[in-house]
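# Geometric and topological summary
Below, each chain spelled out in residue letters.
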Amino acid sequence: MGLEMRTVCEKCETGLAPDGEAFICSFECTFCGPCSQSMDHICPNCGGEIVRRPRRTGEE
Ligand SMILES: [Zn+2]
Ligand SMILES: [Zn+2]
């Protein structure tokens, strides 16, 4: 199974750049930074923890 790269926040529909900051839960619900912060990093869809999505370009 591949990691689907969603390009919009599921809460506010803000566009998310593939190489920009984005947050994702274990069921791949995707959110922008401000939304994940306002939700305390808990996914409203599945109750899972929201973590920063890895960027495609490997840094460090
Ligand atoms: Zn958002
Ligand atoms: Zn979720």
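The structure this text deals with has already been given above.
Just so we're clear, the structure is a prediction, and the values are computed from it rather than from any experiment.

### Some remarks on the coordination of the zinc ion (ligand 2)
- For the zinc ion (ligand 2), the full set of protein donor atoms is Cys25 (SG), Cys29 (SG), Cys43 (SG) and Cys46 (SG), and the range of their distances to it is 2.3 to 2.4 Å.
- The coordination sphere of the zinc ion (ligand 2) comprises four donor atoms, whose angles at the metal cover 94 to 144°; the geometry is irregular.
- Spacing between the donor residues of the zinc ion (ligand 2) along their common chain follows C-x3-C-x13-C-x2-C.

### Remarks on the coordination of the zinc ion (ligand 1)
- Within the protein, the zinc ion (ligand 1) binds to Cys9 (SG), Cys12 (SG), Cys32 (SG) and Cys35 (SG); these donor distances fall in the range 2.3 Å.
- Geometry at the zinc ion (ligand 1) is tetrahedral, judged from the four donor atoms that bind it and their angles of 102 to 117° at the metal.
- All donors to the zinc ion (ligand 1) come from one chain, and their sequence spacing reads C-x2-C-x19-C-x2-C.
- By relative accessible area, which is 1% here, Cys9 ends up buried.
- By relative accessible area, Cys12 is classed as partly exposed at 37%.

### A few points about the pattern of salt bridges
- Applying the stated rule across the entire model yields two salt bridges.
- For Glu21, the salt bridge is made with Arg52, and the minimal N-O distance between the two is 3.0 Å. Of this pair, Glu21 sits in the segment before strand S1 (23-25) while Arg52 sits in strand S3 (residues 50-52), placing them 31 residues apart in sequence.
- A relative accessible area of 47% means that Arg52 is categorised as partly exposed.

About the cut-offs
Residues numbered from 1 in each chain as written. Chains lettered and ligands numbered in written order. Predicted model: local features only at pLDDT ≥ 70, side-chain atom pairs only at ≥ 80, totals over all residues. Heavy atoms only, no water. Donors = N, O, S within 2.8 Å, 3.2 Å for Na, K, Ca; no water. Tetrahedral: all angles 85-135°; square planar, octahedral: opposite > 155°, others 65-115°. Buried < 20%, exposed > 50% of the residue type's maximum accessible area, 1.4 Å probe, protein only. Salt bridge = Lys/Arg side-chain N within 4 Å of Asp/Glu carboxyl O. Helix = DSSP H or I, 4+ residues; strand = E, 2+ residues; numbered from the N terminus.

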